[in-house]
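The residues making up each chain are set out below.
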Amino acid sequence: MTAPTHTTSAPTPTTPVTVGGDLHGPVIDWFDAHARDLPWRRPEAGPWGVMVSEFMLQQTPVNRVLPVYEQWLARWPRPADLAKEAPGEAVRAWGRLGYPRRALRLHGAAVAITERHGGDVPTEHPQLLALPGIGEYTAAAVASFAYGQRHAVLDTNVRRVLARAVTGTQYPPNATTAAERRLARALLPEDERTASRWAAASMELGALVCTAKNETCHRCPITAQCAWRLAGKPAHEGPARRGQTYAGTDRQVRGKLLAVLRDAVAPVPQAVLDRVWDEPVQRARALDGLVSDGLVEPLPGGLYRLPMT
């Protein structure tokens, strides 16, 4: 006679609406008690401060963003202040935050806000989405965090929280899926203010507790409901998650070239740029890429500068 087989089954799926009702209160209460005091969360930041922070925080840790954010808002407290400057000044002020095309996009958004909306960050999601350089995530984040509206705000942290708490998987897919968007919308509280608090709270939970590595479940306000924990924390079964490399890549060369141009007060000769990287083919490819991206402007006589137009 064969002995019966005992298996550990995953928790019985629950409808998103029911799950949401179980999650909202504990997560928002936790956020009220543990949220970091960040300058873009303060009332004086205003919609422009929220927008600047959302551009800077994409793929960049908070501790690196904070000093640049403070300097940026001190110099350009309103979109019109930035719009008056050459785009190269935005690239210069971006410093070493990385992914400097974000600086050009933020400058372009400031110009559009000034020209189309009288210098005020628009309040409506479609108007935000129509600004240059703004995608679905940023438009939803600004509408929610700056104006208290009801939108699904799906960054990496929120996606990880929902993957674990609701679907029982360790990590979300590498790219945001339609199923994730449907789930996030289904989980939104009906009340606008509660929905905007839920967006901020679930993001903070992913940043501080439900982290990609070394999650601290004992600190989590929804550990008792978490589908992934209840299933025994099954290991990730999707494609391998690769960390981004930097040393020796074209990104590193581009960063070195931009650093020279940011520090220069006059156009820089090609010979000066040649000193930043020994390998000529990679150096030329990186410089060509910067020119193609609009981050560097070539001038006659083999000179280069940050863009003026």
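Residues numbered from 1 in each chain as written. Predicted model: local features only at pLDDT ≥ 70, side-chain atom pairs only at ≥ 80, totals over all residues. Heavy atoms only, no water.

Engineer: Looking at this structure, I do not really get the overall build of the protein chain. What am I missing?
Structural biologist: Each helix and strand in the protein chain was counted, giving 15 helices and three strands. In terms of overall dimensions, the protein chain has C-alpha extents of about 85 × 50 × 30 Å along its principal axes. In the protein chain, which comprises 309 residues, the proportion classed as buried is 43%. Looking at the protein chain alone, contacts between residues at least 24 apart form 63% of all its contacts between residues at least 6 apart. Accessible surface for the protein chain amounts to roughly 16,000 Å². Of this, 54% is attributable to carbon and sulfur atoms. (Helix = DSSP H or I, 4+ residues; strand = E, 2+ residues; numbered from the N terminus. Buried < 20%, exposed > 50% of the residue type's maximum accessible area, 1.4 Å probe, protein only. Contact = heavy atoms within 4.5 Å. Areas by Shrake-Rupley, 256 points an atom, 1.4 Å probe, with all protein chains shown as cover.)

Engineer: How should the domain arrangement of the protein chain be read in this particular structure?
Structural biologist: By a frequent convention, interface size equals the accessible area lost on bringing the separate parts together. Per the domain assignment, the segments of the protein chain are domain 1 (39-145), domain 2 (151-230) and domain 3 (250-305). In this structure, domain 1 and domain 3 have C-alpha centres spaced 25 Å apart. Of the residues lining the interface, eight residues belong to domain 1; the matching set on domain 3 comes to 11 residues. Where domain 1 abuts domain 3, roughly 810 Å² becomes buried across the two surfaces, and 55% of that area is made up of carbon and sulfur atoms. Contact with domain 3 buries area across many residues of domain 1, yet V91, R92 and R101 alone supply 48% of it, more than any other trio. Close ionic contact of D293 with R101 constitutes a salt bridge, the shortest N to O distance being 3.7 Å. The tally of links between domain 1 and domain 3 comes to three residue pairs in polar contact (both at pLDDT 80 or more). At the level of elements, α5 (87-94) and α6 (101-116) are the ones that each hand at least two residues to the side of domain 1 that touches domain 3. Tallied by class, residues from the side of domain 1 that touches domain 3 come to four nonpolar, one polar and three charged. (Domains from an automatic or database assignment. Buried area = accessible area lost by both parts, 1.4 Å probe. Salt bridge = Lys/Arg side-chain N within 4 Å of Asp/Glu carboxyl O. Polar contact = N/O pair within 3.5 Å; in protein donor to acceptor, adjacent residues only side chain to side chain. Nonpolar A, V, L, I, M, F, W, Y, C, P; charged D, E, K, R; others polar.)

Engineer: Whenever I open this one, the side chain of R160 confuses me. Can you help?
Structural biologist: By the element assignment, R160 lies in helix α9 (residues 156-167). Among buried Asp, Glu, Lys and Arg side chains, R160 stands out as unpaired, with D155 the closest opposite charge at 7.4 Å. Not counting chain neighbours up to four residues away, the residues in contact with R160 comprise Q170, Y171, P172, G206, C210, T211 and A212. (Lys, Arg positive; Asp, Glu negative; His and termini not counted.)

Engineer: Whenever I open this one, the packing of aromatic side chains confuses me. Can you help?
Structural biologist: Geometrically, a pair of aromatic rings is defined through the distance of the ring centres and the angle of the planes. Across all of its chains, the model carries three aromatic pairs by this definition. The interplanar angle of 85° and the centroid separation of 5.8 Å between the aromatic rings of W72 and W94 together place this pair among those described as edge-to-face. Here W72 is found in helix α3 (residues 62-75), whereas its partner W94 is found in helix α5, with 22 residues between them in sequence. No difference in accessibility class separates W72 from W94, as the two residues are buried. In textbook terms, an aromatic cluster arises when at least three aromatic residues are bridged by ring pairs, as seen for W72, W76 and W94. Just above the ring of W228 sits the side chain of R164; from NZ or CZ to the centre is 4.7 Å. (Phe/Tyr/Trp six-rings, centres within 6.5 Å; stacked < 30°, edge-to-face > 60°. Lys NZ or Arg CZ within 6 Å of the ring centre and 35° of its normal.)

Engineer: Sorry if this is basic, but what is going on with the sheet that holds strand β1 (residues 268-269) here?
Structural biologist: Two modes of strand pairing occur in sheets, parallel and antiparallel, and in both the strands are linked by backbone hydrogen bonds. Spatial strand order, β1-β3-β2: three strands in an open sheet with antiparallel pairing. The sheet is open, and its two edges are formed by β1 and β2 (297-299), each paired on a single side. Relative to strand β3 (residues 303-305), β2 runs antiparallel, the two sharing three bridges. Residue pairing for β3: L299 is matched across the bridge by L303. (Pairing = 2+ DSSP bridges.)

Engineer: Looking at this structure, I do not really get the environment of V50. What am I missing?
Structural biologist: Along the chain, V50 falls in helix α2 (residues 46-57). Once the C-alpha coordinates of V50 and S144 are considered, the two residues, 94 residues apart in sequence, prove to be 10.0 Å apart. Apart from residues no more than four positions distant in its own chain, V50 is found in contact with W40, V142, F145 and A146.

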